[in-house]
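An overview of the molecular structure
Spelled out, the chains give:
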Number of protein chains: 2
Amino acid sequence: MECLVRYMRATIFQGPGKIEVQEVPDPVIKNPDEAIVKVSYCCICGSDLWYYRGLTHLDVGNHIGHEFMGTVEAVGEGVRNVRVGDLVVAPFVISDGTCPECRVGMTRFCRNGRFWGTGGYDGGQGEKVRTPMADGTLFAIPKSRMDDHMMRAILPLSDVLSTGHHAAMCAGVGKGSTVAVIGDGAVGLCAVAASKRLGASRILLISTHEDRAELGERFGATDIIAARGDEAARQAKALTNELGVDCVLECVGTAGAWRTAFGLVRIGGNVGFVGVPHDVPDVSVSRLFSTDIGVKGSGASAAHYIPELMPDVLAGKLDVSAIFTKTISLSDIAEGYRNMDERKEIKVLVKP
Amino acid sequence: MECLVRYMRATIFQGPGKIEVQEVPDPVIKNPDEAIVKVSYCCICGSDLWYYRGLTHLDVGNHIGHEFMGTVEAVGEGVRNVRVGDLVVAPFVISDGTCPECRVGMTRFCRNGRFWGTGGYDGGQGEKVRTPMADGTLFAIPKSRMDDHMMRAILPLSDVLSTGHHAAMCAGVGKGSTVAVIGDGAVGLCAVAASKRLGASRILLISTHEDRAELGERFGATDIIAARGDEAARQAKALTNELGVDCVLECVGTAGAWRTAFGLVRIGGNVGFVGVPHDVPDVSVSRLFSTDIGVKGSGASAAHYIPELMPDVLAGKLDVSAIFTKTISLSDIAEGYRNMDERKEIKVLVKP
């Protein structure tokens, strides 16, 4: 008997600025908790650009990508929650769904958690993905009424929409809240949509890019502040009775964005932050105490949020599909990275 | 016509370790927004001890005390919310109730706010108190069913009970929360009672003092951790499936208490802090990001909380009167300070 090895195409990180599509062996089930997903849609994330730009280390040869949806092609014998043929979406972190952290909703910090693309795991930007801990990691999507538009609305649940929602949750956005969103990338725009869904009465989006500001308005921004830094904070104060906003959603992660956040937020307000911090100065506890400003943030526990957000996406109430400003095939993914790196596109959708 | 000056007794700070009762002119209404309150109960606060111990500066000659209740003796012509004869309680900060911060509940940070005892204002530890911005600052208490016990249950609203509640609010305590309280002083014990009221399912009190621990159990603590620092954190983890608690209420304000707080709190949990920070190191944003731990705290906006908490106090559902472990007359107040300084008493009630 011959053993026939099949091949698929996957995106491999070859060092800063170097993204390649290579043929690699098709994934096969290695453990009973695994599933193989045939990817129908995946995308490029702003956080992939940290590697692409050489600002964060990633080993050469790693598979890349952590946002995908597709059809289950095979499952291990221990998998209970998804079946062959199911349409599924995956969060950007692999989690078991059963550890103490997962049970309190902190799936991003799963004790047995893994990242896509590293340590021998497939990345999301490829034709197929072997998915460990499939019961905790894959979420079935009803196939009825599924079309290209709905697929584009669902895929952001895997990261940017869950992350924008997390920023809003960390900042305590609720009915009647006044909100300022710092960052007009995909996450910031999703944070606008999430804030609207949570009932915010006023949503200020800081954006100096007309196209992104327009999209922000479509998603629910009530005011666009076309300024940066201290001037943005000054304008936000002027719009809020010199009080500042209840909730700042910091979706950038730079020292400047944090400075703006503290300039915008009112006494007793909250800064929810989801931008991975890069050289952000430590926060003075006395300063927090003298202002009652709360700070909370992290990578989102997308697996925890997906079941909560999905019904509203399916019902058409939460639609951020327009963040995908370009659609490409897998063979063009290097160009997709270039486009995002140059901020020509907000987010690039890839159809393997 | 002769002008008859009457005198009252008030507590004057004469420098670290020196508390004196002196005769001073009776207060009179100077502005239409003021009221004169004849004090029936007041008390000594743990925060008064910062001055007493010389750890925080207070000008010699300042009146002292910021927790009192009593009967309205006179009102200015602009006062609408209280009338002569009303029984009232006051928060520990004077606030107008109408500025933008007050309107969002941040009365502690009132734009026109003042502190008792400084800048020519009476302190709470005296026979009478001229109260500016009386409409924002005084809260009428129904006189029916009022007795010594109920008065002792209401007085803590002015500071320690509102502060304990604030710690719980900042940490997001709710139904089913697991909570750890750091600090077994009056505020910590009130934080236990506030957490129970908010529906916490498990309340760990860190206390190495048997009498305080017993009171904590009466107020709702489900577990006493009779240890300090890293050992306390270790025991708390052992009690919570190695997860840590949802909410830490930090009621001390030292670097050690903060270290313990971060040792106790779970991934994605919250530290609510109300201990005035003394030499607490700055907090790393990257550390927060990598744990999803939220931090929020300040002095409590007691004027905001009093209307919410008072009904439960009146209904007997929220009774922290037992924090007053000693009752003295005004002439013995210096001894009351000594007793609290030596931690012989949890909190000393003063009947002028």
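Regarding the overall build of chain A
Tallying secondary structure elements over chain A gives 12 helices and 17 strands in all. Over its C-alpha trace chain A gives a radius of gyration of 20 Å, about what one expects of a compact globule, namely 20 Å for 352 residues. Each principal axis of the C-alpha atoms in chain A carries an extent, and together these give about 75 × 40 × 40 Å. Across the 352 residues that make up chain A, the buried fraction comes to 55%. If you take every contact in chain A between residues at least 6 apart in sequence, the share linking residues at least 24 apart comes to 68%.

A word on the confidence of the model for chain A
The share of residues in chain A with pLDDT of 70 or more is 99%, and the mean pLDDT across the chain is 96. For this predicted complex, the interface confidence score (ipTM) comes to 0.96, while the overall pTM stands at 0.96.

Some thoughts on the interface of chain A and chain B
You'll often see interface size given as the accessible area lost when the parts meet. Contact with chain A, which involves 29 residues of that partner, is made by 30 residues of chain B. Among the secondary structure elements, those contributing two or more residues to the side of chain A that touches chain B are α2 (100-103), β14 (265-273), α10 (285-289) and β15 (294-297) of chain A. Within the side of chain A that touches chain B, the residues separate by chemical class into 15 nonpolar, 8 polar and 6 charged.

As for the domain arrangement of chain A
Residues and elements named next belong to chain A. Per the domain assignment, the segments of chain A are domain 1 (7-159 + 301-351) and domain 2 (160-297). Summarising the inter-unit geometry, the C-alpha centres of domain 1 and domain 2 are found 27 Å apart. When residues in the side of domain 1 that touches domain 2 are grouped by element, the largest group, 5 residues, is from helix α11 (residues 302-314). By residue class, the composition of the side of domain 1 that touches domain 2 is 12 nonpolar, 2 polar and 3 charged.

Things to note about the relation of the copies chain A and chain B
Turning chain A through 180 degrees and shifting it by 0.0 Å along the axis lays it on chain B, with an RMSD of 0.0 Å. Given the turn and translation reported, the copies of this chain are related as if by a two-fold rotation axis. A high fraction, 100%, of the interface residues of chain A reappear at the interface in chain B, so the copies pair face to face through one surface.

Details of unusual backbone geometry
Residue and element names in this part refer to chain A. Even without glycine at this site, Met133 takes up a positive phi of about 50 degrees. For Met133, the location among the structural elements is in the loop between β8 (128-131) and α3 (134-137). Of note in this structure, Arg343 is not a glycine but carries a positive phi near 55 degrees. The residue Arg343 is located in the loop between α12 (333-341) and β17 (347-351) in this model.

Focus: the pairing of β15(A)
Regular strands show a simple pattern: their side chains alternate between the two faces of the sheet. Residue and element names in this part refer to chain A. Burial along β15 is two-sided: the residues Gly294 and Lys296 and Val295 and Gly297 are all buried. With 4 bridges joining them, β14 and β15 adopt parallel strand pairing. Of the residues in β15, the one forming a bridge with Asn270 is Gly294.

Quick notes on the packing of helix α5 (residues 160-170) of chain B against helix α6 (residues 186-197) of chain B
All names here are of chain B. Interaxial distance between α5 and α6 falls to 7 Å at its minimum, and their mutual angle equals 60 degrees. Here α5 lies oblique to α6, going by the angle between them. Viewed along their axes, α5 and α6 form a crossing whose handedness is right-handed. Along the contact surface, α5 presents Val160, Leu161, Thr163, Gly164, His165, Ala167 and Ala168, while α6 presents Ala186, Val187, Cys190, Ala191, Ala193, Ala194 and Ser195. Taken together, the residues of the contact of α5 with α6 break down into 10 nonpolar, 4 polar and no charged.

Topic: the nonpolar core
Of all hydrophobic cores here, the largest spans 226 residues; its most connected members are Val181(A) and Val181(B). Discounting chain neighbours no more than four positions away, the residues touching Val181(B) are Gly188(B), Ala191(B), Val192(B), Ile203(B), Leu204(B), Leu205(B), Ile206(B), Leu249(B) and Cys251(B). Counting residues in hydrophobic clusters, the runner-up holds 6 residues, among them Ile267(A), Cys102(B), Met106(B) and Phe109(B).

With respect to the environment of Asp246(B)
All names here are of chain B. For Asp246, the position within the fold is in strand β13 (residues 245-250). Assessed through the 24 C-beta atoms surrounding it within 10 Å, Asp246 is described here as buried. Sequence separation between Asp246 and Leu58 is 188 residues; the distance between their C-alpha atoms is 37 Å. Those residues in contact with Asp246 that lie beyond four places of it in its chain are Ser177, Thr178, Val179, Arg266 and Gly269.

Considering α12(A)
Residue and element names in this part refer to chain A. Within the sequence span of α12, burial applies to Ile333, Gly336, Tyr337 and Met340. Mapping the buried residues of α12 onto a view down its axis gives an arc of 100 degrees, with all of them on the same face. Against the buried residues of α12 lie β1 (7-13), β2 (19-25), α1 (48-52), β16 (324-329) and β17. Within two residues after α12, Arg343 carries a phi angle of roughly 55 degrees, on the positive side.

Calculation criteria
Residues numbered from 1 in each chain as written. Chains lettered and ligands numbered in written order. Predicted model: local features only at pLDDT ≥ 70, side-chain atom pairs only at ≥ 80, totals over all residues. Helix = DSSP H or I, 4+ residues; strand = E, 2+ residues; numbered from the N terminus. Rg over C-alpha atoms; globule rule 2.2 N^0.38 Å. Buried ≥ 20, exposed ≤ 12 C-beta atoms within 10 Å, placed from the backbone. Contact = placed C-beta atoms within 7 Å. pLDDT = per-residue confidence, 0-100. Nonpolar A, V, L, I, M, F, W, Y, C, P; charged D, E, K, R; others polar. Domains from an automatic or database assignment. Least-squares fit on C-alpha atoms with pLDDT ≥ 70 in both. Pairing = 2+ DSSP bridges. Axes fitted to C-alpha atoms, helices over the stretch in contact; angles between N-to-C directions. Parallel < 35°, antiparallel > 145°, perpendicular 65-115°, else oblique. Left-handed = near helix turned anticlockwise from the far one by under 90°. Core = buried A, V, L, I, M, F, W, Y, C linked by C-beta atoms within 7 Å. Arc of directions from axis to C-beta.

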